[in-house]
Amino acid sequence: MSKAERTRQFIIEKAAPIINRKGIAGTSISDIMEATQLAKGCLYGNFLNKDEICLEAFNYLTRQHANEREALLNKYPSAREKLSAYLEHFKEGKFREEFGGCPVLNFGTESDDTNPEIKERVHQVIQVSQKYLENILTSGIDNGEFHPELNAKRVALKFYAMLEGSVLISRVSNDNKQVDEIIVSIKEEIELFSI
């Protein structure tokens, strides 16, 4: 990695949690300068504008989350164990605490009317996340863990929407009970379609 690439990565890593917490509009270049201890010229020497920093921050946050999830779930051989670990990882919320919340919710909500490029990137991450859950469910069907008539695509969409919705409600109410309740509900449903 060149010095320029290292500087760019440093800026992204320092800016990402700030942007995720304060929002795209709420984060100023001064906030990023303060976090990085770099001059404005250095920031603009590495990025075209603040929107590019925000897009790269979102990409960084979602990559970090995906890598963390992959490392955890790869330890489990069965689909049921993977789903259980996925739910516990979600419940734990370490990523949300460390990086300031769910980047899909934070960036998605803010960019839907204001930043088409980030909105499209959030949409791609949502599709990948749903497909990830769908693949776990499909492997469970193929392995004889789940009923063959289970619609993996529909259930993955439902689980993903329930989890993201519970995070939104929990964040707004400052109470994680909603996440806990949704996870219990999903676990009960998994038992219903398990063989």
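Residues numbered from 1 in each chain as written. Predicted model: local features only at pLDDT ≥ 70, side-chain atom pairs only at ≥ 80, totals over all residues. Heavy atoms only, no water.

An unreviewed UniProt entry annotates the chain as TetR family transcriptional regulator of Maribellus comscasis.

## As for the nonpolar core
Selection rule: Put simply, buried Ala, Val, Leu, Ile, Met, Phe, Trp, Tyr and Cys residues joined by side-chain atoms within 4.5 Å make one nonpolar core. Relative accessibility decides the category of a residue: with a 1.4 Å probe and only protein chains considered, values under 20% of the type maximum give buried, values over 50% give exposed, and everything between is partly exposed. In this description a helix means any DSSP run of H or I spanning at least four residues, a strand means any run of E spanning at least two, and both kinds are numbered starting from the N terminus. Pairs of residues are marked as contacts when any of their non-hydrogen atoms sit within 4.5 Å.
Counting 51 residues, the largest nonpolar core has I19, I32, F107, L137, F146, I190 and F193 as its most contacted members. Mapped onto this core, the elements with two or more residues apiece are α1 (3-22), α2 (29-36), α4 (50-73), α5 (79-92), α7 (103-111), α8 (116-142), α9 (152-173) and α10 (177-193). Sequence-distant contacts of F146, defined by excluding residues within four places in its chain, comprise A79, R80, L83, I136, L137, G140, I141, I190, F193, S194 and I195.

## A closer look at the side chain of K50
Here K50 shows up in helix α4. Once residues lying within four places of it in the same chain are set aside, the contact partners of K50 are I24, A25, T27, I29 and Y44.

## Things to note about the UniProt feature "domain: HTH tetR-type" (unreviewed entry) in the chain
Condition: UniProt positions are given in the numbering used here, feature names are shortened, and annotations may be inferred rather than shown by experiment.
UniProt annotation of "domain: HTH tetR-type" (unreviewed entry) refers to residues 5-65 when read in the numbering used here. Span residues 5-65 is 80% helix and 0% strand, its end C-alpha atoms 21 Å apart.

## Considering the packing of aromatic side chains
Let me state the cut-off plainly: Between 30 and 60 degrees the pair is tilted, below 30 it is stacked and above 60 it is edge-to-face, where a pair is any two Phe, Tyr or Trp rings, Trp via its six-membered ring, whose centres lie within 6.5 Å. Two conditions define a charge located above a ring, namely a distance within 6 Å from the ring centre to NZ of Lys or CZ of Arg, and an angle within 35 degrees of the ring normal.
Inspection of the entire model under this criterion finds 6 aromatic pairs. Seen from their ring centres, F58 and F107 are 5.2 Å apart, and the 55° between their planes marks the pair as tilted. In this pair, F58 is assigned in helix α4 and F107 in helix α7, connecting sequence segments 49 residues apart. Accessibility assignment for this pair places F58 and F107 in one class, buried. Centroid distance F146 to F193: 5.0 Å. Interplanar angle 85°. Geometry classified as edge-to-face. Of this pair, F146 sits in the loop between α8 and α9 while F193 sits in helix α10, and the two are 47 residues apart along the sequence. Each member of the pair, F146 as well as F193, carries the same accessibility label: buried. Aromatic ring contacts, followed pair by pair, group Y86, F90 and Y132 into a single cluster. Lying over the aromatic face of Y132, R69 brings its terminal NZ or CZ to 4.0 Å of the ring centre.

## Considering the state of the cysteines
The line we're drawing: Criterion for a disulfide: a pair of cysteine sulfur atoms at a distance within 2.5 Å.
The final tally for this structure, using the stated rule, is 0 disulfides. Cysteine C42 remains unbridged, with the sulfur of C54 as its closest cysteine sulfur at 17 Å. The class of C42 is partly exposed, set by a relative accessible area of 26%. No disulfide involves C102; its sulfur sits 16 Å from the nearest other cysteine sulfur, which is in C54. Under the relative-accessibility criterion, C102 is labelled buried at 12%.

## With respect to the pattern of salt bridges
The line we're drawing: One side-chain nitrogen of Lys or Arg within 4 Å of one carboxyl oxygen of Asp or Glu is enough to make a salt bridge.
For the structure shown, the criterion picks out 7 salt bridges. With a closest N to O distance of 3.5 Å, K131 and E134 form a salt bridge. Taken together, the positions of K131 and E134, both in helix α8 and 3 residues apart, correspond to about one turn of that helix. Residue E134 is classed as buried on the basis of its relative accessible area of 16%.

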